[in-house]
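Residue-level structural notes
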Amino acid sequence: MLKTSYLKIAGTLLGLLIVTFSAVGQITPPQSKVSQENIKIDALIKQMTLNEKIGQLSLFTSDWDVTGPSLNDNYKKMIKEGKAGSIFNAYTVDYVRELQRIAMEQSRLKIPLLFGYDVIHGHRTIFPIPLGQACSWDMAAIEQVERIAAVEATAEGINWTFAPMVDIARDPRWGRVAEGAGEDTWLGCKIAAARVKGFQGKDLAANNTMLACAKHFAAYGAPQAGRDYNTVDISQLSLYEWYLPPYKACLDAGIGSVMTSFNEIAGVPSTSNKWLLTDLLRKDWHFKGFVVTDYGSINELLAHGVAGSIKDAAQLSLNAGVDMDMQGSAYLNSLDSLLKEKKITMIRIDEAVRVVLEAKMKLGLFDDPYRYCNKARQEKEIMTPEAIAFARKMVSESCVLLKNPNHILPVPATVRSIAIIGPLGDSKKDMLGNWSAAGNWEKCVTLVEGIRSKVKDNVVIYYEKGCNTNDEDRSGFDAALKIVAKADFVILALGENGWMSGEASSRSHIDLPGVQNELAEAIVKTGKPVAVALFNGRPLAITKLNSLPVAILETWFGGTQAGTGIADVLFGDVNPSGKLTMTFPRNEGQVPVFYNAKNTGRPYRASEPDAKYVSRYLDCSNDPLFPFGYGLSYTTFSYFNLTTAVAGNKITVTVQIGNTGSRDGEEVVQLYVQDNVGSITRPVKELKGFQKVMIKKGETKTLTFNLTLDDLAFYHPDLKKFWEPGEFTAFVGTNSAETISNSFRIR
Ligand code: NOJ
């Protein structure tokens, strides 16, 4: 019925309408299809009342019952009245179908609902937190994670994810570093693109792809003092150079929606920032999708102090370029009177409605509003053996070996008994980490379970918690020490609990919380070999732990298959190859500490450690505990013969890497470049390439990196981006601090 009526109107209007098209998704449909879609949307907008238009600009959350998501009657009524165009936090086929049915059968214009959800690191199969995944430096795997996430989420009715979060962050106190890719802009762009491709696939209209949402636009990752939601105050140059590129990378990958951030930039909150949302996003970057606010952030303009009333706030936001209001009801309650008062225009409302309808059309919802409500898919495509196996692989790829004195790891084959100790050793709930969508903690494999299933009856496994994550209770130490006495080998499972990172989870002290350091010290005193598995959602300042003669494996929060994937690394079935994408500081006083810093006019030099008037601390080294790009292997690699050559527009860097240890291993070979003299100061080095390669023991590989002059370009004070001729240094190495180098000249 609906389709027929659209087509009729479309037929009449054909030829009369000037058609403008905004594509959502990567694939541009043939022109005729584009025109047809535009005609349908034009026709639909013409039929809509103002209230129905405002409804399309309003997004509301589902509630939660003990049994799962539920919608209160008021929202159901709003769907019927066309006042709610999209719903989030609603999933499972029956439930989504029921809500969609209200829209399709009881609302006047029968416009299908969009269903959004925070599918951040998996939907049902939960993968490692995004910061952990980033440490795999495996773009194909990261894309595959999102492909699986999209298949599972769409099998449960969801068609829009509030991901990827692409906020660059240099401050580990900020809890949301867990959701991002780390501190580096270049790598952040690659990861952003991989995630968008994974979610949106090749065809947004397929029933197992979903609309992605780049968030949080912009620079949410730079809050002062690492405190969530706090003020951001950065220079235009830093904004362009470091913070904006990953959002742009999402656009280049065809992303269909963008979410505004809670913070302000230079005195203007993002949700009312016309320069950001219209001049930059729409005009300069040609974004054609829709802009949604973060949760209630139009209303927050009052607390920011830029609006005196919700109505003022709605006016500012709509005029700035916000299309959809998440949960605030600000549009719903104010746009009507704002229009009457001529403070906003119908043209702007229609623009916003159009981009929302276009997204729904690209998803195929107008063809079949129930296309994501397929019971058979829900039963077949969720937590498949393939997805579980991939999650396990992703856990082991995300692990970063931070320290391994005397080859403590992998656990020797001679070990007959292991004491696993620590608050994170057998805690299923913590394994999911934050933002775990519809992940079920009961399905998570803990470290104790993962190790037991690996060693079967060959090794005796004891477990004691020892202490809690975050209190002063030492009463479990004795029991822990008792099992240590019986064991050949100790594995400590220490860290943060799953909720100490993520939104609203900033910390001012980022060492191991509670009495975990004391527990570790007491156990190390026994002289038994100790390996630590660290669970955390941010870089930790683990200087104390690091001073002990223990092996340390960073495991993040691995999700559903945490225990099995970590066990694969601990027992040497997988040789670790993860590399940090965020610097680990020695202490909080060093923060922010990141690899691509500036030299300053008075740089510290290791050759003159006591020099006074240089940029350094009196009480702490400038070097971090573990630098960006850092991660050990069970084998060793040596780098030599770095050559550089420039021919025309091309720069070629070649290097040889030998596996000098006793095992085959993968290495993430990293290329950094420094622009030695620029018209403005340049970082001491910047990541410009990497290759993840398997090198067999005893083997040497020659790798070639190809750069172009554009790779050397940077933003100038007039915000133009171009390269400058001169002398450059190429660094290649196993991390950002341990490199070999060679120079090249661009004329
Ligand atoms: C607030 C968070 O900042 C955002 O990332 C998330 O997508 C929304 N809430 C919706 O849950």
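Residues numbered from 1 in each chain as written. Predicted model: local features only at pLDDT ≥ 70, side-chain atom pairs only at ≥ 80, totals over all residues. Heavy atoms only, no water.

It is worth spelling out the overall build of the chain at this point. Of regular secondary structure, the chain possesses 23 helices and 27 strands. On C-alpha atoms alone, the chain measures out to a radius of gyration of 27 Å, which is about the 27 Å that the 2.2 N^0.38 rule sets for 747 residues. Counting only C-alpha atoms, the chain reaches 80 × 65 × 50 Å along its principal axes. Counting only residues that meet the buried cut, the chain has 62% of its 747 residues in that class. (Helix = DSSP H or I, 4+ residues; strand = E, 2+ residues; numbered from the N terminus. Rg over C-alpha atoms; globule rule 2.2 N^0.38 Å. Buried < 20%, exposed > 50% of the residue type's maximum accessible area, 1.4 Å probe, protein only.)

Let us look at the site of the ligand. Taken together, 13 residues lie around the ligand, and Asp118, Arg176, Lys215, His216 and Asp294 are the ones closest in. In this structure, an oxygen atom belonging to the ligand sits 2.5 Å away from a side-chain N or O atom of Asp118. In this structure, Arg176 approaches the ligand through a side-chain N or O atom, which is 2.6 Å from an oxygen atom. The protein chains hide 95% of the 300 Å² of surface that the ligand would expose on its own. Looking at the shell around the ligand, its residues break down into 7 nonpolar, 1 polar and 5 charged. (Near = heavy atom within 4 Å. Polar contact = N/O pair within 3.5 Å; in protein donor to acceptor, adjacent residues only side chain to side chain. Areas by Shrake-Rupley, 256 points an atom, 1.4 Å probe, with all protein chains shown as cover. Nonpolar A, V, L, I, M, F, W, Y, C, P; charged D, E, K, R; others polar.)

Next up on the list: the packing of helix 7 (residues 139-154) against helix 8 (residues 185-200). Axis separation between helix 7 and helix 8 bottoms out at 7 Å; the angle between their running directions is 35°. Considering only the axes of helix 7 and helix 8, their crossing is right-handed. Contacts between helix 7 and helix 8 involve Met139, Ile142, Glu143, Glu146, Arg147, Ala149 and Ala150 from the former and Leu187, Lys190, Ile191, Ala194, Arg195, Lys197, Gly198 and Phe199 from the latter. A class-by-class count of the residues in the contact of helix 7 with helix 8 yields 8 nonpolar, 1 polar and 6 charged. (Axes fitted to C-alpha atoms, helices over the stretch in contact; angles between N-to-C directions. Left-handed = near helix turned anticlockwise from the far one by under 90°. Contact = heavy atoms within 4.5 Å.)

By volume, the largest pocket amounts to about 990 Å³. Lining the largest pocket are 29 residues; nearest its centre among them are Ala597, Lys598, Asn622, Asp623 and Val684. The residue inventory of the lining of the largest pocket, partitioned by class, reads 15 nonpolar, 9 polar and 5 charged. Of the volumes computed, that of the second largest pocket is approximately 690 Å³. Taken together, 28 residues line the second largest pocket, and the ones lying closest to its centre are Thr185, Trp186, Cys189, Pro245 and Lys721. At the level of elements, helix 8, helix 9 (236-243), helix 10 (245-252), strand 22 (686-695) and strand 24 (714-715) are the ones that each hand at least two residues to the lining of the second largest pocket. In terms of residue count, the dominant contributor to the lining of the second largest pocket is helix 8 (5 residues). Among the residues forming the lining of the second largest pocket, the class breakdown is 17 nonpolar, 1 polar and 10 charged. (1 Å grid on protein atoms, 1.4 Å probe; cavity = no way out; pocket = protein on both sides within 12 Å on 5 of 7 lines; lining within 4 Å. Points joined across faces, edges and corners; volume = space filled by probe spheres on them.)

The next thing to look at is the sheet that holds strand 6 (residues 160-161). Taking strand neighbours across the sheet as the criterion, the 5 strands line up as 6-5-4-1-12 in an open arrangement whose pairing is parallel. Only two strands of the sheet have a single neighbouring strand rather than two, namely strand 6 and strand 12 (325-326). Across 2 bridges, strand 5 (residues 114-117) lies against strand 6 in parallel orientation. If you follow Tyr117 over to strand 6, its bridge partner there is Thr161. (Pairing = 2+ DSSP bridges.)

Our focus in this paragraph is unusual backbone geometry. Cis geometry marks the peptide bond from Ala163 to Pro164, where omega comes out at 5°. Along the chain, Pro164 falls in the loop between strand 6 and helix 8. In this chain, Lys215 is followed by His216 through a cis amide linkage whose omega measures -5°. Turning to its location among the elements, His216 is positioned in strand 7 (residues 213-217). The backbone of Met383 sits at a positive phi, close to 50°, despite the residue not being glycine. By secondary structure assignment, the location of Met383 is in the loop between helix 16 (375-380) and helix 17 (385-398). Phi at Trp556 is positive, roughly 60°, even though this residue is not glycine. Its place among the elements puts Trp556 in the loop between strand 18 (551-554) and helix 23 (562-570).

In the structure shown here, the tally under the stated rule is 5 cavities of 30 Å³ or more. Each pocket or cavity is described by its volume, and for the largest cavity that value is around 110 Å³. Lining of the largest cavity is provided by 14 residues; of these, Gln56, Ile79, Gly82, Ser107 and Ile111 occupy positions nearest its centre. The residue makeup of the lining of the largest cavity, split by class, is 6 nonpolar, 4 polar and 4 charged.

The next point concerns the pattern of salt bridges. Enumeration according to the criterion identifies 39 salt bridges in this entry. Measuring nitrogen to oxygen at the nearest pair gives 2.3 Å for the salt bridge that ties Arg354 to Asp42. Taken together, the residues Arg354 in helix 15 (residues 346-362) and Asp42 in helix 2 (residues 31-47) connect sequence positions 312 residues apart. Accessibility expressed as a relative area gives 12% for Asp42, which makes it buried. Across the salt bridge formed by Arg108 and Glu52, the nearest N and O atoms sit 2.8 Å from each other. Pair noted here: Arg108 is in the loop between helix 5 (93-106) and strand 5 and Glu52 is in helix 3 (residues 50-56), with a separation of 56 residues, a long-range link. (Salt bridge = Lys/Arg side-chain N within 4 Å of Asp/Glu carboxyl O.)

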